[in-house]
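# Commentary on secondary and tertiary structure
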Amino acid sequence: TDQVKLEEQVLRQERLASLGLLAAGVAHEVNTPLTGISSYTQMLIEEAPPDDPRRAILEKIEAESRRASSIANSLLNFARPERSAFEELSLNDTVREVLRLFEPQIRERGIRLEATLAEGLPRIHGHKGKLQQVLLNLLLNARDAVEEGGRVEVSTRARGGTVVLEVVDDGIGIAEEDLPRIFDPFFTTKGRGKGTGHGLSISYGIVREHHGEMSVDSAPGEWTRFRVEFPEARPAEALA
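In terms of strand pairing, strand β2 (residues 112–117) meets strand β4 (residues 151–159) through 6 bridges, oriented parallel. From the neighbouring strand, T116 faces β4, where its bridge partner is S155. Where β4 meets strand β5 (residues 162–169), 8 bridges bridge the pair, whose relative direction is antiparallel. Each bridged residue has a counterpart across the sheet, and for R157 the counterpart in β5 is V164. The hairpin turn running from β4 into β5, its antiparallel successor, is 2 residues long, and G160 in that turn takes a positive phi close to 50°.

This is the structure:
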């Protein structure tokens, strides 16, 4: 069983590496026009009087162009890890920030969002923005899997030198035959137009970049649990 899992990890890393080359090229090409949009919008904002009603619209365009650029740059997680940007941080604090932003959206759908965050967790080394992206992707998947009246639970705990993050939902679950491919690029169980198949593969790449492990268990029609494990921060990592 261990050998099969290792072989699966190697194959998945090879697929991610191939996708990384494509992603790097796409991110570069997309960022070029986005930079132009952002620059011209900033010029218009500077020329617009403070009371000009169009100013608020221009500011939204500028903010959305920055967000689109950030999304494009996230594709580079496959090809260009940036461990120099890592810092020692609290996973709980990172989780709380994401939950504050996501909670209104999920409650609008009549879904209960519960958080059980263990106190006194060891700190980890990582990139805060990327870790937030992982959790957001997991929450979005859980939201789409759960019907009104359902439940999504986010929890953290320490276990054997690692810090564990889990997202559990009581939604439709994942078919057994789909589990081995759930982290593959472009694979999605959602209908046409509802998913690109990038979220989990990008998240998997981010977790591996953090020397972590990501796994999923599911009972079709009952529940799904995504588990992410990160190594505790060690003093030597600060110099890595």
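Anyway, onward from the coordinates.
For the rest of this paragraph, the subject is the nonpolar core. In this structure, L139, V152, V154 and M214 are the most contacted members of the largest nonpolar core, which totals 37 residues. Of all the elements in the fold, those that place two or more residues in this core are α3 (91–107), β2, α4 (128–145), β4, β5, α5 (199–209), β6 (213–219) and β7 (223–231). Each residue touching M214, except ones within four places of it in the same chain, is listed here: L138, F183, L200, S203, Y204, V207, F226, R227 and V228.

Turning next to the sheet that holds β6. The strands that make up a sheet are held in pairs by hydrogen bonds between backbone atoms, and each pair lies either parallel or antiparallel. Spatial strand order, β2-β4-β5-β7-β6: 5 strands in an open sheet with mixed pairing. Unpaired on one side and paired on the other, β2 and β6 mark the two borders of the sheet. Shown here is a sheet whose adjacent strand axes are inclined to one another by a mean of 15°, direction ignored. Contacting β2, β4, β5 and β7, α3 crosses the sheet at an angle of about 170° to β2.

With that out of the way, let us pick up the packing of aromatic side chains. The full count for this structure, using the stated rule, is 2 aromatic pairs. For the pair F183 and F226, a centre-to-centre distance of 6.3 Å together with 65° between the ring planes defines the contact as edge-to-face. Taken together, the residues F183 in the loop between β5 and α5 and F226 in strand β7 connect sequence positions 43 residues apart. Pairwise contacts between aromatic rings join F183, Y204 and F226 into one cluster.

Turning next to the pattern of salt bridges. Under the definition given, this model contains 20 salt bridges. The shortest N-O distance in the salt bridge between E64 and R67 comes to 3.1 Å. In this pair, E64 and R67 are both assigned in helix α2 (residues 54–74), 3 residues apart and thus about one turn of the helix distant. Accessibility expressed as a relative area gives 43% for E64, which makes it partly exposed.

Turning our attention to the confidence of the model for the protein chain. Taken over all residues, the pLDDT of the protein chain has a mean of 81, while the share at 70 or more is 76%. Per-element confidence in the protein chain ranges from a low mean pLDDT of 71 for helix α1 (residues 2–47) to a high of 97 for β5. This stretch, residues 192–196, has a pLDDT under 50; its non-local contacts, to residues over four places away or in other chains, come to 3 contacts.

A separate point is α3. Over its 17 residues, α3 extends 23 Å from the first C-alpha to the last, a length consistent with the 24 Å expected when each residue adds 1.5 Å. Maximal helix bending in α3 amounts to about 40°, located at L101; proline P104 follows within four positions. All of the buried residues in α3 are L91, N92, T94, V95, V98, L99, F102 and I106. For α3, the side-chain oxygen to backbone nitrogen distance between the N-cap and N92 is 3.4 Å, and the N-cap itself is S90.

Taken together, the side chains of I37, I57 and I61 present a nonpolar region at the surface, about 260 Å² in accessible area. On the secondary structure map, I37 appears in helix α1. Of the residues examined, I37 reaches a relative accessible area of 40% and is grouped as partly exposed.

Consecutive residues of a regular strand have side chains that alternate between opposite faces of the sheet. Note that β5 and β7 share 8 bridges and pair antiparallel. Residue pairing in the sheet places E166 in a bridge with R227 of β7. The sheet contact formed by β6 and β7 spans 7 bridges and is antiparallel. Bridge pairing in β7 places S218 opposite T224. Connecting β6 to the antiparallel partner β7 that follows it, the hairpin turn spans 3 residues, and G221 within it adopts a positive phi of roughly 80°.

Here we take up α5. Judged by how many residues are buried, α5 sits mostly within the fold: 9 of 11 residues are covered. Those residues of α5 that sit buried are L200, S201, I202, S203, Y204, G205, I206, V207 and E209. H211 occupies a position one or two residues after α5 and carries a positive phi of about 60°.

Cut-offs used in this document
Residues numbered from 1 in each chain as written. Predicted model: local features only at pLDDT ≥ 70, side-chain atom pairs only at ≥ 80, totals over all residues. Heavy atoms only, no water. Pairing = 2+ DSSP bridges. Helix = DSSP H or I, 4+ residues; strand = E, 2+ residues; numbered from the N terminus. Core = buried A, V, L, I, M, F, W, Y, C linked by side-chain atoms within 4.5 Å. Buried < 20%, exposed > 50% of the residue type's maximum accessible area, 1.4 Å probe, protein only. Contact = heavy atoms within 4.5 Å. Axes fitted to C-alpha atoms, helices over the stretch in contact; angles between N-to-C directions. Phe/Tyr/Trp six-rings, centres within 6.5 Å; stacked < 30°, edge-to-face > 60°. Salt bridge = Lys/Arg side-chain N within 4 Å of Asp/Glu carboxyl O. pLDDT = per-residue confidence, 0-100. Expected span 1.5 Å × (residues − 1). Bend = angle between axes of the 7 residues up to and from the residue. Polar contact = N/O pair within 3.5 Å; in protein donor to acceptor, adjacent residues only side chain to side chain. Patch = residues over 30% accessible without salt bridge, like charges linked within 9 Å, V, L, I, M, F, W, Y side chains within 5 Å. Areas by Shrake-Rupley, 256 points an atom, 1.4 Å probe, with all protein chains shown as cover.

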